[in-house]
Amino acid sequence: MSLRSADGGAASGQTAGETAGRAPDRRTEARKRKNFLGRQPLGLLFSAPYVVYVLAVLAFPLGYAVYISFHDYFFAAPRVKVDRPFVGLENYITVLSDPAVQRSFANIGVFLVINVPLTVGLSLVLANALNRVTKLRTFFRVSYYVPYVTASVAVVGVWLFLFQQNGLVNELLGPLAPNPSWLVNSWLAMPTVALYVTWKQLGFFILLYLAALQNIPDELYESASVDGGSKWVQFWNITVPGVRSASVLVTLLATITGANLFTEPYLLTGGGGPDGASTSPVFLMYQKGILQGNPDLAAALGVVLVIGVLLITLIQKRLVGGKED
C-alpha cells in the first residue's frame, strides 16, 4: 500500500511538475507573440496603409534602382523583350569618374554647409522669440509659414527680380554689388540658392521648434530668473538642451531635403548654371535618366546619393544627438 502511495505521489508530483513546466512555456510563447505584435496589435491595422505606401512608393523603386544600376539598362517599348546584361560596377565607375557628377556633389556640399546651420540656428531663435510673443502671435506664426506653403514657381519670380543684374539688391548695394550678378556668378550662385531655400523652408522648422518649446516647463525659466540668470543664460542652458531632440530632427530633415535639391536651381539658375555651378546630383539624375536616356547611370548616381546621405545623417546624429539619442 505504501509502495502504491509512493508511486502515486511520485506520479502526481511528476504530473504537477510537467504542468507547471508547460504553463510558463505557454506564457513565454504568448509573451513573445505579444512582443512581436507590439503592445497595441490594433495599431498594425491602422499603420498598414502607410506601410503599403512606403513599400510601393519608396522601397520598391529604391530596390529596382539598385537592380538597374548593375545592368546595362535602357528604356524600351512595353512588352518588348530586350537584353539588359549585368555590368557589375561599371555604371558606378562611370558616374564617379564623371567631372560633372563630382562637381554636383561639391555644390551640394556647399549648399549643406550654408543651409543646415542657418536653418537650425534661425528657426530656433525665431521660434523662441515667437513663443514669447503675446500680441499678434497667430499673425507672426502664419507670416513665417506662408513662404513654405507657397508654390516655388511664384516665389522664384520675386527672387529673380531681387537678385538680377539690375535688381533691388544690387541697387541697394551700389558699387558693392557683385559683377557678374548673384545667380549668374559661379561663386555666388549656389550660396544664393541656399539662402533662398533657407528662407522658404524656415516656417516649417519654426513650427517643429515651437512644438518642442511647449514641453519645457515654465518653472525652469522662473527659477533661472530668480537666480539672476539673463535671457541669454536661460536660452543657452534651458532652451537649447530642452529642444535637443527637435534639433536632431531639424538637422536630419534639412540635410535630406538639401541633398534632394532640384526645383530651386532648376528655376533660379536656368538648370544648374552658370556652367554647372549650381547643379545638384538630383538634377543630373534627371538629365541622364530622362533627357539623355541613360537610366542605368541615373540609378547608380541615385544609389551613391542615398548612401552618402545615410552616412552624413548618421554622423550628424552622433554629433548632434549625443548618447541619449
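Residues numbered from 1 in each chain as written. Predicted model: local features only at pLDDT ≥ 70, side-chain atom pairs only at ≥ 80, totals over all residues. Heavy atoms only, no water.

J.: Explain helix α2 (residues 42–69) to me, and be specific about the residues and the numbers.
T.: With 28 residues, α2 ought to run about 40 Å at 1.5 Å a step, and its terminal C-alpha atoms sit 39 Å apart, in line with that. Along α2, the sharpest change in direction is near 45° and occurs at Ala-48; proline Pro-49 comes one to four residues later. Every buried residue belonging to α2 is among Ala-65, Ile-68 and Ser-69, and all of these are buried. (Helix = DSSP H or I, 4+ residues; strand = E, 2+ residues; numbered from the N terminus. Expected span 1.5 Å × (residues − 1). Bend = angle between axes of the 7 residues up to and from the residue. Buried < 20%, exposed > 50% of the residue type's maximum accessible area, 1.4 Å probe, protein only.)

J.: Go over the nonpolar core, please, and point to the residues and values.
T.: Soluble globular proteins tend to pack their nonpolar side chains together in the buried interior. In this structure, Phe-111, Val-193, Tyr-196, Tyr-209, Val-243, Leu-261 and Leu-268 are the most contacted members of the largest nonpolar core, which totals 37 residues. Where this core is concerned, the elements lending two or more residues are α4 (99–132), α6 (152–163), α8 (189–213), α9 (218–226), α10 (231–242) and α11 (244–259). Looking at this core element by element, the count peaks at 12 residues for α8. Once residues within four sequence positions are removed from consideration, Tyr-196 is found in contact with Ser-152, Val-155, Val-156, Trp-159, Glu-264 and Leu-268. (Core = buried A, V, L, I, M, F, W, Y, C linked by side-chain atoms within 4.5 Å. Contact = heavy atoms within 4.5 Å.)

J.: Explain the environment of Ile-68 to me, using residue names and the numbers behind them.
T.: Locating Ile-68 in the fold gives a position in helix α2. Ile-68 sits in the buried class, given a relative accessible area of 10%. For the pair Ile-68 and Asn-91, spaced 23 residues apart in sequence, the C-alpha separation works out to 9.5 Å. The contact partners of Ile-68, leaving out residues within four places of it in the chain, are Tyr-73, Asn-91, Pro-295, Asp-296 and Ala-299.

J.: Can you break down the packing of α4 against α8 residue by residue, with the values?
T.: For any two helices packed against each other, the geometry is given by the interaxial angle and the distance between the axes. Two numbers describe how α4 lies on α8: the axes approach to 7 Å, and their chain directions differ by 40°. Crossing of α4 over α8 shows right-handed handedness. When its residues are assigned to classes, the contact of α4 with α8 shows 22 nonpolar, 7 polar and no charged. (Axes fitted to C-alpha atoms, helices over the stretch in contact; angles between N-to-C directions. Left-handed = near helix turned anticlockwise from the far one by under 90°. Nonpolar A, V, L, I, M, F, W, Y, C, P; charged D, E, K, R; others polar.)

J.: I'd like to hear about the pattern of salt bridges, residue by residue, with values.
T.: Enumeration according to the criterion identifies 1 salt bridge in this entry. As a salt-bridge pair, Asp-98 and Lys-288 come within 3.0 Å of each other at their nearest N and O atoms. Pair noted here: Asp-98 is in the loop between α3 (90–96) and α4 and Lys-288 is in helix α13 (residues 281–291), with a separation of 190 residues, a long-range link. (Salt bridge = Lys/Arg side-chain N within 4 Å of Asp/Glu carboxyl O.)

J.: Give me the lowdown on α4, citing residues and values where you can.
T.: Between the first and last C-alpha of α4 there are 50 Å, a value that for 34 residues agrees with the 50 Å anticipated at 1.5 Å per step. One side-chain oxygen at the N-terminal end of α4 lies 3.1 Å from the backbone nitrogen of Ala-100; it belongs to Asp-98. (Polar contact = N/O pair within 3.5 Å; in protein donor to acceptor, adjacent residues only side chain to side chain.)

J.: Lay out the packing of α9 against α10 in plain terms, naming residues and giving numbers.
T.: Viewed as axis vectors pointing N to C, α9 and α10 meet at an angle of 150°, and their least axial separation amounts to 11 Å. Put simply, α9 runs roughly antiparallel to α10. The element α9 and its partner α10 pack so that their crossing is right-handed. Residues Leu-220, Tyr-221, Ala-224 and Ser-225 of α9 form the contact with α10, whose participating residues are Gln-234, Ile-238 and Thr-239. Looking at side-chain class alone, the contact of α9 with α10 contains 4 nonpolar, 3 polar and no charged residues. (Parallel < 35°, antiparallel > 145°, perpendicular 65-115°, else oblique.)

J.: Account for unusual backbone geometry, with residues named and values stated.
T.: In this structure, the amide linkage connecting Asn-179 to the following residue, Pro-180, adopts the cis form with an omega of 5°. The amide bond that connects Gly-273 to the next residue, Pro-274, takes the cis arrangement and shows omega of -5°. Residue position: Pro-274 is located in the loop between α12 (263–268) and α13. With a phi close to 55°, Asp-275 is a non-glycine residue in the positive phi region. Tracing the sequence through the fold places Asp-275 in the loop between α12 and α13.

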